[in-house]
Amino acid sequence: MRKDKAQVERKRRHNEEEEAGQSRSGEGEGAAEMPPPPVPTPPPAKKIRKTSDGSTTSQSLSPRKAHKVVVSFSGISGPTLETLTEIVNKLGGSVETSNQFCSPITHVVRSSASAVSWKVLFAAASCRWVVTTTWLTDSAKEGKFLAEQQCVVFVRVEVCDTRCCSCSSEHPHSYGTRNVAPPLGGKCVRFTTEFMHGKGFSRDMYDALVSKLGGGHIATDDAAAADIVVTADNERPGDGTLTRAGLIHLLLPPPK
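Residues numbered from 1 in each chain as written. Predicted model: local features only at pLDDT ≥ 70, side-chain atom pairs only at ≥ 80, totals over all residues. Heavy atoms only, no water.

Predicted coordinates in areas of low pLDDT are best not read in detail. Here the chain shows a mean pLDDT of 78. Residues at 70 or above account for 64%. Note on residues 22-64: pLDDT is under 50 here. Beyond four places in sequence and across chains, it has 48 contacts. (pLDDT = per-residue confidence, 0-100. Contact = heavy atoms within 4.5 Å.)

So, in structure tokens, the structure goes:
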């Protein structure tokens, strides 16, 4: 009799242990199926720098639009070209090595802010970015292509009557320029005879600048009315007339 009771007791304990194990197993499966907590959206990245006078600057880094960066260089060669090409490739962009200006190009990088070439003018006329080499060197430091135009917030910290006081001011910063609309789009451009007889004039290049890339057209009649008349430097200016320097300024306004 005692033996039967002992067997019943052992069987009862065995069943309880099995039920407890199943319960713990069920809890583990439920926890594994719980969705992960939402990841909070990080605030906009800011870059803090110290200036020479001891103050600090906070620079907002605007996110770039997701598009393929295709760079073409103008007036850059040798080791500098190799270094900048390596930067573009590391950041996920590509370099157009042809001397011809083609449609995939998104940025023309020039040697300085005052350097002007046909490639630079073509980029400006067709609303591509014209930037300096600093855009690439600064992008390399951040590990990504920076926004071409940014707003830099300068924060100055001073001690006033044993208290720390701070003041801030915003200053625009630009690595280059890009026209939001074609400056020559829909416009009729006429070149004076003296301008066309001047040094360095190329009908094919100006046709590409005005018509093929700029969205305008060149007047074929010397007496035809035109929106823009390009004259030689020694000709008398008039309404709607521009010298070559004026045409360049129209295409490449200084960064704001």
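Two quantities define a packed helix pair, namely the angle between the helix axes and the distance between the axes. Contact geometry of helix 3 (residues 118-125) with helix 6 (residues 203-212) gives a least axis separation of 9 Å together with a crossing angle of 25°. Compared by their axis directions, helix 3 and helix 6 come out roughly parallel. In contact with Trp118, Leu121, Phe122 and Ala125 of helix 3, helix 6 contributes Met205, Tyr206, Ala208 and Leu209. Partitioning the contact of helix 3 with helix 6 into residue classes produces eight nonpolar, no polar and no charged. (Axes fitted to C-alpha atoms, helices over the stretch in contact; angles between N-to-C directions. Helix = DSSP H or I, 4+ residues; strand = E, 2+ residues; numbered from the N terminus. Parallel < 35°, antiparallel > 145°, perpendicular 65-115°, else oblique. Nonpolar A, V, L, I, M, F, W, Y, C, P; charged D, E, K, R; others polar.)

The sheet built from five strands is open, its strands ordered 4-3-5-6-9 with mixed pairing. Each edge of the open sheet is held by one strand with a lone partner, namely strand 4 (94-95) and strand 9 (176-177). (Pairing = 2+ DSSP bridges.)

Side-chain pairs of opposite charge can arise whenever the charged atoms involved come near each other. Per the stated rule, a full pass over the model turns up two salt bridges. In this structure, lysine 90 engages glutamate 86 in a salt bridge whose closest nitrogen and oxygen atoms are separated by 3.3 Å. A residue pair is termed a helical-turn pair when its members lie 3 or 4 positions apart in one helix, as lysine 90 and glutamate 86 do in helix 2 (residues 78-90) at four residues. Owing to a relative accessible area of 67%, lysine 90 belongs among the exposed residues under this scheme. A salt bridge links lysine 141 to aspartate 138; its shortest N-O distance comes to 3.9 Å. Residue lysine 141 and its partner aspartate 138 are located together in helix 4 (residues 133-142), separated by three residues, close to a single helical turn. (Salt bridge = Lys/Arg side-chain N within 4 Å of Asp/Glu carboxyl O. Buried < 20%, exposed > 50% of the residue type's maximum accessible area, 1.4 Å probe, protein only.)

Moving on: the pairing of strand 10 (residues 188-191). Every second residue of strand 10 is oriented toward a common face, with Cys188 and Arg190 on one face and Val189 and Phe191 on the other, all of them buried. As paired elements, strand 10 and strand 11 (residues 217-218) share two bridges and run parallel to each other. Paired with cysteine 188 across the two strands is histidine 217, which belongs to strand 11. Direction of pairing for strand 10 relative to strand 12 (residues 228-230): parallel, over a ladder of three bridges. Looking at the pairing, arginine 190 lines up with valine 229 of strand 12.

With that settled, consider the packing of aromatic side chains. Under the definition given, this model contains 10 aromatic pairs. Ring centres of tryptophan 118 and tyrosine 206 lie 5.0 Å apart, and the angle between their planes is 85°; on these two criteria the pair is classed as edge-to-face. Of the two residues, tryptophan 118 sits in helix 3 while tyrosine 206 sits in helix 6, which places them 88 residues apart along the sequence. Their ring planes at 15° and their centres at 5.3 Å tell us that phenylalanine 201 and tyrosine 206 sit as a pair that is stacked. (Phe/Tyr/Trp six-rings, centres within 6.5 Å; stacked < 30°, edge-to-face > 60°.)

To continue, consider the sheet that holds strand 12. Spatial ordering of the open sheet is given by 11-10-12-13, a layout of four strands whose pairing is parallel. Two strands in the sheet have a free side with no partner beyond their single neighbour: strand 11 and strand 13 (241-242). Relative to strand 13, strand 12 runs parallel, the two sharing two bridges. Within strand 13, the position partnered with valine 230 by the bridge is leucine 242.

Further remarks concern the nonpolar core. Counting residues in hydrophobic clusters, the biggest one holds 25 residues, and the most contacted among them are Leu184, Val189, Phe191, Leu209, Val230, Leu251 and Leu252. When contributions to this core are tallied by element, the ones reaching two or more residues are helix 3, strand 10, helix 6, strand 12 and helix 7 (244-251). Considering each element in turn, this core owes the most residues, six residues, to helix 3. With residues near it in sequence (within four places) discarded, valine 230 still touches Val189, Arg190, Phe191, Thr192, Phe195, Leu242, Thr243, Arg244 and Leu247. (Core = buried A, V, L, I, M, F, W, Y, C linked by side-chain atoms within 4.5 Å.)

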